[in-house]
Amino acid sequence: MLKHPILLPIALMLFLALLTFWINQTVQEQGLSLSRLSRHDPDYMLYNFVSTRTDASGNTKYVLAAAEMRHFPDNEHTELQRPRFTQFGQDKPYTQIYGQQGTVSANGKMVEFIKQVKVVRQATADKGEMQLQTERLTLEPDIDVAHTDLPVTIRQQPATVITGIGMRFDNKAGTMQLFNRVHVHYERAPVSPASPAKTGKYKGR
């Protein structure tokens, strides 16, 4: 116990000073944390980022890669530089999507490709390669759906070009919808004179 009469106020002053210092430090630390969260600054970055998703059997379902990945704690979004998405499927052609920039939503359900976006679907035995170009494309990989409200240009080998505004591509169902100003340009592949001549269907002059 503090028996000297002057020691009690001194001890009280020291306690108040320590309490004030602790409160100030706590408030400053919380203020710094809130300041970091309020700014759009990345809390971590990865280079040559690769993420692989597999199905229940362990087969590769899709691969998302990027030259650079940045995660932002203020909105839990992830930004990508030069993203590349490759989707695989059993007995199906693989599909690849490229872009200059990209974002991944906080829950990871949506991937957005931005600027010079290109979609390439591999050719099959009965269908030629398909390429799609646009400036922004939203992909929902878990349900195999991609969509945009911007102009798109689709080139289907050997000689079909389709343009339109607004598109929804359901890869699982194998369907594509174009919504506005749709134009289709089709050129019949040139017939080689040699081939019909062999079958007797070509008549030369």
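For the structure itself, look to the data block above.
Report follows, based on the coordinates. (Residues numbered from 1 in each chain as written. Predicted model: local features only at pLDDT ≥ 70, side-chain atom pairs only at ≥ 80, totals over all residues. Heavy atoms only, no water.)

## Brief notes about the packing of aromatic side chains
Line of reasoning, step 1. Taken as a whole and assessed by the stated rule, the structure comprises two aromatic pairs.
Line of reasoning, step 2. Measuring from centroid to centroid gives 5.1 Å for tyrosine 62 and phenylalanine 85, while their planes differ by 35°, and the two rings are tilted. Remark: phenylalanine 85 occurs in strand β4 (residues 84–87) and tyrosine 62 occurs in strand β2 (residues 60–72); sequence separation between them is 23 residues. Residues tyrosine 62 and phenylalanine 85 agree in their burial class; the two are buried.
Line of reasoning, step 3. Arranged with centres 6.4 Å apart and planes meeting at 45°, the rings of phenylalanine 88 and tyrosine 94 form a pair that is tilted.
Line of reasoning, step 4. The class of tyrosine 94 is partly exposed, set by a relative accessible area of 32%. (Phe/Tyr/Trp six-rings, centres within 6.5 Å; stacked < 30°, edge-to-face > 60°. Helix = DSSP H or I, 4+ residues; strand = E, 2+ residues; numbered from the N terminus. Buried < 20%, exposed > 50% of the residue type's maximum accessible area, 1.4 Å probe, protein only.)

## Examining the side chain of aspartate 144
Line of reasoning, step 1. With respect to the element layout, aspartate 144 can be found in the loop between β8 (130–140) and β9 (145–156).
Line of reasoning, step 2. Side chain to side chain, aspartate 144 and glutamine 87 meet in a polar contact 2.5 Å long.
Line of reasoning, step 3. When sequence neighbours within four positions are dropped, the list of residues in contact with aspartate 144 reads Gln87, Phe169, Asp170, Asn171 and Lys172. (Polar contact = N/O pair within 3.5 Å; in protein donor to acceptor, adjacent residues only side chain to side chain. Contact = heavy atoms within 4.5 Å.)

## Thoughts on the side chain of serine 105
Line of reasoning, step 1. Residue placement: serine 105 occurs in the loop between β6 (101–104) and β7 (111–121).
Line of reasoning, step 2. For serine 105, a relative accessible area of 17% corresponds to the buried category.
Line of reasoning, step 3. At 2.7 Å, the side chain of serine 105 forms a polar contact with the side chain of asparagine 107.
Line of reasoning, step 4. Excluding anything up to four places from it in sequence, serine 105 contacts Glu76, His77 and Met110.

## Structural notes on the pattern of salt bridges
Line of reasoning, step 1. Counting across every chain of the model gives four salt bridges.
Line of reasoning, step 2. Where salt bridges share partners, they join Arg53, Lys109 and Asp142 into one cluster. (Salt bridge = Lys/Arg side-chain N within 4 Å of Asp/Glu carboxyl O.)

## As for the environment of leucine 46
Line of reasoning, step 1. As for its position among the elements, leucine 46 is in strand β1 (residues 44–54).
Line of reasoning, step 2. A relative accessible area of 39% means that leucine 46 is categorised as partly exposed.
Line of reasoning, step 3. Counting along the chain gives 24 residues from leucine 46 to arginine 70, while the straight-line C-alpha distance between them is 6.6 Å.
Line of reasoning, step 4. Residues within four places of leucine 46 in sequence aside, it is in contact with Ala67, Glu68 and Met69.

## Notes on the environment of threonine 52
Line of reasoning, step 1. Within the fold, threonine 52 resides in strand β1.
Line of reasoning, step 2. For threonine 52 and leucine 64, which are 12 residues apart along the polypeptide, the C-alpha to C-alpha distance reads 6.4 Å.
Line of reasoning, step 3. Among all residues touching threonine 52, those that are not within four sequence positions of it are Thr60, Tyr62 and Val63.

## A word on the environment of tyrosine 47
Line of reasoning, step 1. Topologically, tyrosine 47 is positioned in strand β1.
Line of reasoning, step 2. When the C-alpha positions of tyrosine 47 and methionine 69 are compared, they lie 6.3 Å apart, and in sequence the two are 22 residues distant.
Line of reasoning, step 3. What tyrosine 47 contacts, discounting residues up to four positions off in sequence, is Ala67 and Glu68.

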